[in-house]
Amino acid sequence: RAQLPVLWAHRQLIFWIGITQFAVGQLMLYLALQTTTAVNAGLILGIQPVLAAVLAWLFIGERLSRARWLGIALALLGVSVIILRGEFNGLADLTFVIGDIWAGVAVIGWAVYAPFVRRVPSELNPFVVVAATTFTGGIGLIPAYLGEVYVFGVVTHPTWETLMIVGYLSLFGTVFGVVGWNIGIARIGASRASTFLYLIPVLTVVLGVAALGEEFRLYHIIGMAMVFAGVGITNRAAARKRRS
């Protein structure tokens, strides 16, 4: 309640953060995964850090050194190794569907969202920002929800499974995940923060091996090493720039 005047003064920024994050980014990704493959989606989402870096440069003048570009490229290559299982000739067998277009729209939404977050005033509490952007994003999702129910006849029934899924996405995917992400962008910048997105496939591999007993292969090691090296190069370059 005490921060309502600040929120109202930046209402357009808060509105567009909610729209690009939820009504474009997350909605389009969930829609994409109805028809596209995880491989295709992973490759397309890998473009996001590069696009976020370019938009941060265009919108807020956040410049990138050659070392940071090298780190981004190396991390992207590492993700590609993991997704394609070390077989780059598999690219020739990829087929593209309408879901790939939605995944591309999701990437654009998230890439635009990152520089917007950088503009949020520091006096706003991160949880207040997430509450406000979730509200505006929810408004933007209403037409999609009504269309899903009344046009396509898709109704989600409140079972234990659906409640657990929604609860996980709400608590970890939104409250903790988005709050932490927004704090990271505010402190280190959109382009540098976006590099950490390359850790998602790495963590997926670790969880798959630990929780599901999946086999840990050589291409996992190579890809993970490249991702860690790319993120490390990007952050070292940023640290040197701050010291200078």
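Here we come to the overall build of the protein chain. Secondary structure summary: the protein chain contains 11 helices and 0 strands in total. Starting at the N terminus, the α and β elements of the protein chain follow one another as α-α-α-α-α-α-α-α-α-α-α. At 19 Å, the protein chain has a C-alpha radius of gyration in line with the 18 Å of a compact globule built from 244 residues. By the burial criterion, 39% of the 244 residues in the protein chain qualify as buried. Sequence-distant contacts, at least 24 apart, represent 85% of the contacts inside the protein chain between residues at least 6 apart.

If you trace the backbone, Asn-182 turns up in helix α8 (residues 160-188). For Asn-182, the residues in contact, after removing those within four places along its chain, are Tyr-113, Val-117, Val-129 and Val-130.

Turning next to the confidence of the model for the protein chain. Of all residues in the protein chain, 91% have pLDDT values of 70 or greater, and the mean over the chain is 82. Within the protein chain, helix α3 (residues 38-45) has the poorest average pLDDT of any element, 70, and helix α1 (residues 4-9) the best, 93.

Attention now goes to the packing of helix α2 (residues 11-32) against helix α7 (residues 126-150). In contact at an axis separation of 7 Å, α2 and α7 are set at 55° when each is read in the N-to-C sense. As the angle between them shows, α2 and α7 are arranged oblique. Here the hand of the crossing between α2 and α7 comes out right-handed. In this structure, α2 contributes Ile-14, Phe-15, Ile-17, Gly-18, Ile-19, Phe-22, Ala-23 and Leu-27 to the contact, and α7 contributes Val-129, Ala-132, Thr-133, Thr-134, Thr-136, Gly-137, Gly-140, Leu-141 and Ala-144. Within the contact of α2 with α7, the residues separate by chemical class into 11 nonpolar, 6 polar and no charged.

The rules we used
Residues numbered from 1 in each chain as written. Predicted model: local features only at pLDDT ≥ 70, side-chain atom pairs only at ≥ 80, totals over all residues. Heavy atoms only, no water. Helix = DSSP H or I, 4+ residues; strand = E, 2+ residues; numbered from the N terminus. Rg over C-alpha atoms; globule rule 2.2 N^0.38 Å. Buried < 20%, exposed > 50% of the residue type's maximum accessible area, 1.4 Å probe, protein only. Contact = heavy atoms within 4.5 Å. pLDDT = per-residue confidence, 0-100. Axes fitted to C-alpha atoms, helices over the stretch in contact; angles between N-to-C directions. Parallel < 35°, antiparallel > 145°, perpendicular 65-115°, else oblique. Left-handed = near helix turned anticlockwise from the far one by under 90°. Nonpolar A, V, L, I, M, F, W, Y, C, P; charged D, E, K, R; others polar.

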